[in-house]
Amino acid sequence: MEAHYPKYLLYCLLIAGSWLLSCVLHFQSLSSSFAPPRRAALVVLPAALDASFLPSPTIEADGKTVVPSSPSPSSPPPPPPSCEGRYVYMLNLPSRFDMLRDCVEGSPLFDDIWSWCAITVNAGLGPKISPTAGNGTAGIIPSTGCTDQYALEVMFHNWMRRYECLTDDASTATAVYVPYYPALELHQHLCGYNTTARDGPSEAFLRWLSSQPTWAALGGRDHFMVAAKTTWMFRRDPGAGDDGCGNNFLGQPEVANMSVLTYESNIWAPRDIAVPYPSYFHPSSSGEVSTWQSRARAAPRPFLFAFAGARRLKGQLAIRDRVFDVCEASARCGMVDCSHGLEGSITCRTAAKLVGLFTSARFCLQPRGDSFMRRSSIDSVMAGCIPVFFHRASTLEAQYRWHEPEEMTGGRRSNGDGDGRRRRYYVLLNSDDVLEGRVDIEEELSRYSDEEVAAMREEVIRMIPRFMYRDPRVRFEGEKMRDAFDITMDGMMDRMRRIKKGEDVVLKGEDESYEATMAANDS
């Protein structure tokens with residue numbers, strides 16, 4: 001018993017204390033009617049019983065600290081001000097539509113550098129780039145990723161997983177993101193397959209998508225997705241039979257209601273929205289961007305112009321053949337030839353070679369390839385190399401309307417400098433004039449003075465942040481610099497808000513009067 005004496009004493013003290021407290025409270029309640037009113041005493045309850053005494057959480061928005069009002073127990077907390085009109089609901093897809101389900105370490109697909117699994121590593125950025133001594137790019141290209149040009153579906157999905165305004169409540173969302181990879185799916189049977197093989201998988205997906213509850217509200221008009229190829233690969237003529245390449249994904253009625261991001265749109269009758277190809281530069285801070293820009297400015301540029309690409313069989317692209325002929329004949333042209341089968345393909349997938357070439361030239365030639373837009377055009381911007389186009393539809397101005405600010409346009413008057421001067425950053429040559437000998441590429445580019453070249457290059461370098469995709473695993477915390485992801489989402493959220501308001505958001509083609517003035521520069 002003696003060993004337990006302290007415990008029993010404690011119990012007695014607790015009981016006595018409780019009795020005394022109840023007596024005091026009872027006395028106060030009886031005397032309250034006779035005493036004048038007093039200020040209520042603050043009673044702090046244990047956290048296990050009540051946590052309402054905790055201060056309201058603060059929210060950082062636009063550089064200001066906001067303390068939201070306390071919500072009632074029956075209603076959800078109010079949304080952060082910075083997410084108003086920007087909430088996105090991300091669909092969960094069945095595993096049968098997951099293109100990466102077989103991309104597991106040790107699988108044959110994972111180890112095949114030519115499979116679509118190769119682009120999934122490093123959050124879609126591809127294998128990290130290791131600077132090699134003597135490759136001419138030391139201090140120019142950072143160790144980010146050897147990014148495949150068709151990797152944007154994977155990159156964007158990784159970015160959306162970290163989007164600050166994701167919501168689990170579809171009814172409160174401004175938009176619905178569909179993380180399907182139509183380009184990776186098509187890549188398995190791009191050419192040489194019958195229409196059933198090319199169209200069947202995406203048609204099955206669209207049947208599933210259009211049966212979902214989120215689709216019913218607006219018939220899919222608030223849905224958006226990325227299709228990481230040019231628009232033409234998804235617009236095969238249904239009556240063309242089994243010949244050719246591509247499928248009719250963008251021609252399906254369900255997709256006509258959605259907003260789809262592609263690498264190239266038809267500028268005369270757009271039904272999808274073009275966003276830049278991913279390049280090799282994926283910074284994790286604005287400081288890395290500034291360093292990159294400084295190095296691009298300071299890079300020695302011994303070549304007047306440069307070109308990287310391949311010829312087409314049987315002279316199918318005459319402008320390309322002419323560019324090859326000009327480069328091979330001129331000591332002022334630097335060139336990476338990608339024409340030699342597998343070796344050429346590997347060469348043109350080597351970031352160090354391409355970036356080293358473009359940072360050593362004043363101008364970078366961008367003749368059209370299988371379609372008007374080239375990933376090389378974005379690579380040249382990242383390197384601070386002035387792009388030279390041969391078709392109106394190949395220009396960044398015509399394709400990437402969200403990403404090219406108006407005050408930096410190449411063919412229209414500036415709205416930002418106040419005196420109406422044009423601020424050029426690219427050269428547009430008429431392909432017919434080049435092919436017929438009326439324009440000599442080298443002679444034309446030689447006419448630009450050092451001052452003009454420096455001014456144009458500076459405009460290109462200033463555009464780098466808008467055309468680059470940062471590492472999707474990071475955010476530029478507290479920094480105002482906006483990259484291609486941010487600008488794409490700004491444009492998409494504005495479009496979705498207008499849809500929710502019932503506004504007409506049908507994409508307009510090139511203005512006829514403006515197109516007429518540019519007709520001489522197109523072919």
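Residues numbered from 1 in each chain as written. Predicted model: local features only at pLDDT ≥ 70, side-chain atom pairs only at ≥ 80, totals over all residues. Heavy atoms only, no water.

(A) Broad picture of the confidence of the model for the protein chain. Taken residue by residue, the protein chain gives an average pLDDT of 78. The fraction at 70 or more is 73%. Segment residues 411-422 is flagged for pLDDT under 50; beyond a separation of four residues in sequence, or across chains, it makes 19 contacts in the model. (pLDDT = per-residue confidence, 0-100. Contact = heavy atoms within 4.5 Å.)

(B) Just the packing of aromatic side chains, in detail. Across all of its chains, the model carries 24 aromatic pairs by this definition. Arranged with centres 5.2 Å apart and planes meeting at 15°, the rings of Trp159 and Phe485 form a pair that is stacked. In this pair, Trp159 is assigned in helix H3 (residues 152-161) and Phe485 in helix H17 (residues 484-500), connecting sequence segments 326 residues apart. Summarising the burial analysis for this pair, Trp159 and Phe485 share the class buried. Seen from their ring centres, Phe363 and Tyr448 are 5.6 Å apart, and the 50° between their planes marks the pair as tilted. With Phe363 in strand E10 (residues 361-366) and Tyr448 in the loop between helix H15 (441-446) and helix H16 (450-467), this pair connects stretches of sequence that are 85 residues apart. (Phe/Tyr/Trp six-rings, centres within 6.5 Å; stacked < 30°, edge-to-face > 60°. Helix = DSSP H or I, 4+ residues; strand = E, 2+ residues; numbered from the N terminus. Buried < 20%, exposed > 50% of the residue type's maximum accessible area, 1.4 Å probe, protein only.)

(C) Focus on the state of the cysteines. Here the structure, examined in full by the defined rule, presents five disulfides. There is a disulfide in this structure between Cys103 and Cys117, and the S-S distance comes to 1.9 Å. When the S-S torsion is -80°, as for the bridge of Cys103 with Cys117, the disulfide is left-handed. Linking Cys103 in the loop between strand E3 (88-90) and helix H2 (108-111) with Cys117 in the loop between H2 and H3, this pair joins segments that are 14 residues apart in sequence. Cys117 carries the same exposure label as Cys103, and that label is buried. (Disulfide = S-S within 2.5 Å.)

(D) Here's a closer look at the sheet that holds strand E4 (residues 175-177). Taken together, five strands build an open sheet; the order of strands is E3-E4-E5-E6-E7 and the sheet is parallel. Sheet topology places E3 and strand E7 (273-274) at the edges, where each strand pairs with a single neighbour. Pairing between E3 and E4: three bridges, direction parallel. Paired with Val88 across the two strands is Ala175, which belongs to E4. Sitting on the sheet, H3 is in contact with E3, E4, strand E5 (223-226) and strand E6 (259-262), with an inclination near 130° to E5. (Pairing = 2+ DSSP bridges. Axes fitted to C-alpha atoms, helices over the stretch in contact; angles between N-to-C directions.)

(E) Fine view of the sheet that holds strand E11 (residues 386-389). Strand order in the open sheet made by the five strands is E9-E8-E10-E11-E12, with parallel pairing throughout. At either end of the open sheet lies a strand with only one pairing partner, and these are strand E9 (333-337) and strand E12 (427-428). Bridge count between E10 and E11: four bridges; the pairing is parallel. Directly across from Phe363, in E11, lies its bridge partner Ile386. Relative to strand E8 (residues 303-309), helix H9 (residues 318-329) is tilted by about 135°, and along the sheet it contacts E8, E9 and E10. In this fold H16 packs onto E10, E11 and E12, with an angle of close to 95° to the strand it touches most, E11.

(F) Structural context of the pattern of salt bridges. Under the definition given, this model contains 23 salt bridges. We note a salt bridge from Arg470 to Asp486, for which the minimum N-O separation is 2.9 Å. Placement of Arg470 in the loop between H16 and H17 and of Asp486 in helix H17 is noted, with a sequence separation of 16 residues between them. Via salt bridges that share partners, Arg311, Asp321, Asp325 and Glu328 belong to a single interconnected network. (Salt bridge = Lys/Arg side-chain N within 4 Å of Asp/Glu carboxyl O.)

(G) Region of interest: helix H5 (residues 195-209). Taking 1.5 Å of rise per residue, 15 residues should cover 21 Å, and H5 covers 21 Å from first to last C-alpha, within 8% of that figure. Where H5 bends most, the angle comes to about 25°, and this point is Pro201. Along H5, the residues classified as buried are Arg198, Asp199, Ser202, Phe205, Leu206, Trp208 and Leu209. Here the buried face of H5 lies against helix H4 (182-187), helix H6 (213-218), E5 and helix H7 (253-257). Between the side-chain oxygen at the start of H5 and the backbone nitrogen of Thr196 there is a gap of 3.1 Å, and the oxygen is on Asn194. (Expected span 1.5 Å × (residues − 1). Bend = angle between axes of the 7 residues up to and from the residue. Polar contact = N/O pair within 3.5 Å; in protein donor to acceptor, adjacent residues only side chain to side chain.)

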